[in-house]
Amino acid sequence: MKRVLVIGAGLTGLFAAAMAARRGAEVTLVTDGRGGLELSHGCIDLLTPPLSPETFGHLLPAHPYRRAGLERIREAMDLFREFLTEQGLTYFGSLEHNLALPSAAGGIRDTGLAPLAQATGALADAGTFHLASLAHFRDFSAAFAAQRLRQRGLPVGGVVELALPNLPPGRDLYATDLARLFDDREWREETIRSWRSPLTGIQRLGVPAVLGLTGAEAARTSAEEQLGVRLFEIPTLPPSVPGLRLERALRRTAQAAGAHLIEGAHATGLVEAASIGRVTGVVYVSAGGPRPQRAEAVILATGGALHGGLVFRSHGAVQESVFDLPVEHASERGGWTAESLFASQPYSRFGVIIGDDFRPVGPDGQPLFENLFAAGGLLGGCDRTAEGSRQGIDLVSAYCAVEEALT
Ligand SMILES: Cc1cc2nc3c(=O)[nH]c(=O)nc-3n(C[C@H](O)[C@H](O)[C@H](O)COP(=O)(O)OP(=O)(O)OC[C@H]3O[C@@H](n4cnc5c(N)ncnc54)[C@H](O)[C@@H]3O)c2cc1C
């Protein structure tokens, strides 16, 4: 059984840990915090315009998708969907066609795969839809979203405000507070009953994504049956309930497959002189003090600048934070940003460069360590935001890194 160490618990690290454990590895995941999933919409953005031989051919040679190849991109998505289906979260969509979904700000968001609760709101679906605000929930205004969607020519039939009975007194509620209330079956059923009358005559309704954290798909389907309305969810401001559902589902998959999670532990790279050309593992710091965690293969999934995987220094240096790997970046700070705020930003493409086997490479293109692999937000060679490829790159690179680490 190969000992694999994953560093980071975002989408990339959790998927890598789940996959490696399922493939029979002895997996330890070390992380100093939560990943970015609670800030994400819970969908898998793959590429806009969608993946095709033509769009694929336009990607930079160092792009993680180019390293993976179309076949492995497809395999990664299939495995992701398999894991999520097992956890009761059906993901809908394809590589070749993006779904156009309404956003809480009344925009249109393209994505590759979406949980069924969001995919039901795909704007290509024929027919009028309504939007609902929830009383006392300030993070979603149906009227605002409807006005902007109508300006884009979309058939918004109208808006309704739905009541939420017996709310706890005190502060304004977050999406996660409401989701926990919806997890309470009695409260949920009473609430859904109270919605019957205001929803008479409505066929498809968009609500903020708060319909539960646990068993949400089953709860939504049962609410649809009770109301006779097709319900779809629209993600709101963070904390994002769809992102948290995804995080929980992957965490459960990884742990059920035997992965051991060490949380709240900051890791620094361990490279012992006795193992030339190989990394030994990490030293992590937790409440008990520093401890070494050795492994035969290490998958670095520490994210980009926003989560500490990359550190941008004011004097123009950009560092990788665990093994001090070289980071491709513009050495002059003037070259970090584009003149227009709305253009593709050079700093978005900064990151660790990998070879075809997902091992970080040096400026000569040669792997730096035989048993170190990198994936996710840490990788350079792509502008994930401009391309709309953020979560796709996370999953595909995690998939390839695990495959390579286990060969
Ligand atoms: C500020 C912010 C804004 C975001 N905004 C959006 C958004 O608008 N839309 C969207 O879809 N997604 C958003 N995201 C999520 C983003 O998509 C993901 O972070 C990204 O996809 C990369 O995923 P990842 O798993 O590679 O890394 P991350 O999700 O960044 O996770 C990195 C993990 O590595 C851990 N880590 C880092 N360094 C160490 C270390 N030395 N030792 C141990 N653990 C370490 C971190 O604690 C974390 O668990 C945002 C994330 C952040 C942080």
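Thresholds applied
- Residues numbered from 1 in each chain as written.
- Predicted model: local features only at pLDDT ≥ 70, side-chain atom pairs only at ≥ 80, totals over all residues.
- Heavy atoms only, no water.
- Helix = DSSP H or I, 4+ residues; strand = E, 2+ residues; numbered from the N terminus.
- Rg over C-alpha atoms; globule rule 2.2 N^0.38 Å.
- Contact = heavy atoms within 4.5 Å.
- Areas by Shrake-Rupley, 256 points an atom, 1.4 Å probe, with all protein chains shown as cover.
- Lys, Arg positive; Asp, Glu negative; His and termini not counted.
- Charge placed at Lys NZ, Arg CZ, Asp CG, Glu CD.
- Axes fitted to C-alpha atoms, helices over the stretch in contact; angles between N-to-C directions.
- Parallel < 35°, antiparallel > 145°, perpendicular 65-115°, else oblique.
- Nonpolar A, V, L, I, M, F, W, Y, C, P; charged D, E, K, R; others polar.
- Buried < 20%, exposed > 50% of the residue type's maximum accessible area, 1.4 Å probe, protein only.
- Pairing = 2+ DSSP bridges.
- Near = heavy atom within 4 Å.
- Polar contact = N/O pair within 3.5 Å; in protein donor to acceptor, adjacent residues only side chain to side chain.
- Domains from an automatic or database assignment.
- Buried area = accessible area lost by both parts, 1.4 Å probe.
- Salt bridge = Lys/Arg side-chain N within 4 Å of Asp/Glu carboxyl O.
- Core = buried A, V, L, I, M, F, W, Y, C linked by side-chain atoms within 4.5 Å.

## Side note on the overall build of the protein chain
Alright, step 1. Of the regular secondary structure elements, the protein chain holds 12 helices and 18 strands.
Alright, step 2. Computed over its C-alpha atoms, the radius of gyration of the protein chain comes to 22 Å, within 12% of the 22 Å expected for a compact globule of 407 residues.
Alright, step 3. Across its three principal directions, the C-alpha atoms of the protein chain cover 75 × 45 × 40 Å.
Alright, step 4. Sequence separation of 24 or more characterises 65% of the internal contacts of the protein chain that already satisfy a separation of 6 or more.
Alright, step 5. Working note: accessible area of the protein chain is about 17400 Å², and carbon and sulfur atoms make up 51% of it.
Alright, step 6. For the protein chain, the distance from the average position of its 37 positive side-chain charges to the average position of its 44 negative side-chain charges is 3 Å.

## Concerning the packing of helix α7 (residues 175–183) against helix α8 (residues 185–195)
Alright, step 1. Interhelical geometry of α7 versus α8 gives an angle of 100° and a closest axis separation of 5 Å. Considered as vectors, α7 and α8 are oriented roughly perpendicular to each other. Within the contact between the two elements, α7 uses Leu-181, Phe-182 and Asp-183 and α8 uses Arg-185, Trp-187, Arg-188, Thr-191, Ile-192 and Trp-195.
Alright, step 2. Of the residues contributing to the contact of α7 with α8, the split by class is 5 nonpolar, 1 polar and 3 charged.

## Section: unusual backbone geometry
Alright, step 1. With an omega of -5°, the peptide bond between Thr-48 and Pro-49 qualifies as cis.
Alright, step 2. Look at the link from Pro-238 to Pro-239: it is a cis peptide, with omega at 0°.
Alright, step 3. The topology assignment puts Pro-239 in the loop between β10 (230–234) and α10 (241–256).
Alright, step 4. The phi dihedral of Phe-358 falls on the positive side, at around 60°, and the residue is not glycine.
Alright, step 5. Note on Phe-358: relative accessible area 0%, which makes it buried.

## A short note on the pairing of strand β14 (residues 289–294)
Alright, step 1. Here 6 bridges tie strand β13 (residues 281–286) to β14, and the two strands are oriented antiparallel to one another. When the bridges of β14 are listed, Val-285 appears paired with Pro-290.

## A look at the site of the ligand
Alright, step 1. With respect to spatial proximity, 30 residues lie near the ligand, and among them Asp-32, Gly-36, His-307, Arg-390 and Asp-394 are the closest.
Alright, step 2. Between the ligand and Ala-267, the relevant distance is 2.9 Å, taken from a nitrogen atom to a main-chain nitrogen or oxygen of the residue.
Alright, step 3. In the complex, 85% of the free accessible area of the ligand, which totals 960 Å², lies under the protein chains.
Alright, step 4. Of all the secondary structure elements, the ones that give two or more residues to the shell around the ligand are α1 (11–22), β12 (266–270) and α12 (390–406).
Alright, step 5. No other element matches the 3 residues that α12 contributes to the shell around the ligand.
Alright, step 6. Of the residues assigned to the shell around the ligand, the class counts are 9 nonpolar, 16 polar and 5 charged.

## Observations regarding the sheet that holds β14
Alright, step 1. One open sheet holds the 3 strands; their spatial order is β12-β13-β14, and the pairing between them is antiparallel. Lying at the two open borders of the sheet, with one neighbouring strand each, are β12 and β14. With direction set aside, neighbouring strand axes in the sheet form an average angle of 25°.
Alright, step 2. With 5 bridges joining them, β12 and β13 adopt antiparallel strand pairing. Across the sheet, Ala-267 pairs through a bridge with Tyr-284, a residue of β13.

## Quick look at the domain arrangement of the protein chain
Alright, step 1. Domain annotation for the protein chain reports domain 1 (3–90 + 244–406) and domain 2 (104–234).
Alright, step 2. It is Cys-43, Thr-90 and Arg-245 in domain 1 that bury the most area against domain 2; as a group they hold 40% of the surface buried on that side.
Alright, step 3. At the boundary of domain 1 with domain 2, the tally comes to 1 salt bridge.
Alright, step 4. Between Glu-233 and Arg-245 there is a salt bridge, with its nearest N and O atoms 2.7 Å apart.
Alright, step 5. Viewed at the interface, domain 2 and domain 1 are joined by 8 residue pairs in polar contact (both at pLDDT 80 or more).

## Topic: the pattern of salt bridges
Alright, step 1. Enumeration over the complete set of coordinates arrives at 18 salt bridges.
Alright, step 2. Measuring nitrogen to oxygen at the nearest pair gives 2.5 Å for the salt bridge that ties Arg-294 to Glu-272. Here Arg-294 is found in strand β14, whereas its partner Glu-272 is found in the loop between β12 and β13, with 22 residues between them in sequence.
Alright, step 3. When its relative accessible area of 40% is taken as the criterion, Arg-294 is described as partly exposed.
Alright, step 4. Between Arg-359 and Asp-357 there is a salt bridge; the shortest N-O distance is 2.7 Å.

## A closer look at the sheet that holds strand β18 (residues 372–374)
Alright, step 1. Strands sit in the order β11-β2-β1-β15-β18 across an open sheet of 5 strands; the sheet is parallel. This sheet does not close on itself; its edge strands, each paired only once, are β11 (260–263) and β18. When the angles between neighbouring strand axes are averaged without regard to direction, this sheet yields 20°.
Alright, step 2. Across 4 bridges, the pairing between strand β2 (residues 26–31) and β11 is parallel.

## Observations concerning the nonpolar core
Alright, step 1. Counting 83 residues, the largest nonpolar core has Ile-44, Tyr-65 and Phe-323 as its most contacted members.
Alright, step 2. Once residues within four sequence positions are removed from consideration, Tyr-65 is found in contact with Asp-45, Leu-46, Leu-47, Leu-51, Phe-56, Leu-59, Ile-73, Ser-389, Gly-392, Ile-393 and Val-396.
Alright, step 3. The next biggest cluster of nonpolar side chains, apart from the first, holds 40 residues, and it includes Phe-140, Leu-178, Ala-223 and Leu-244.

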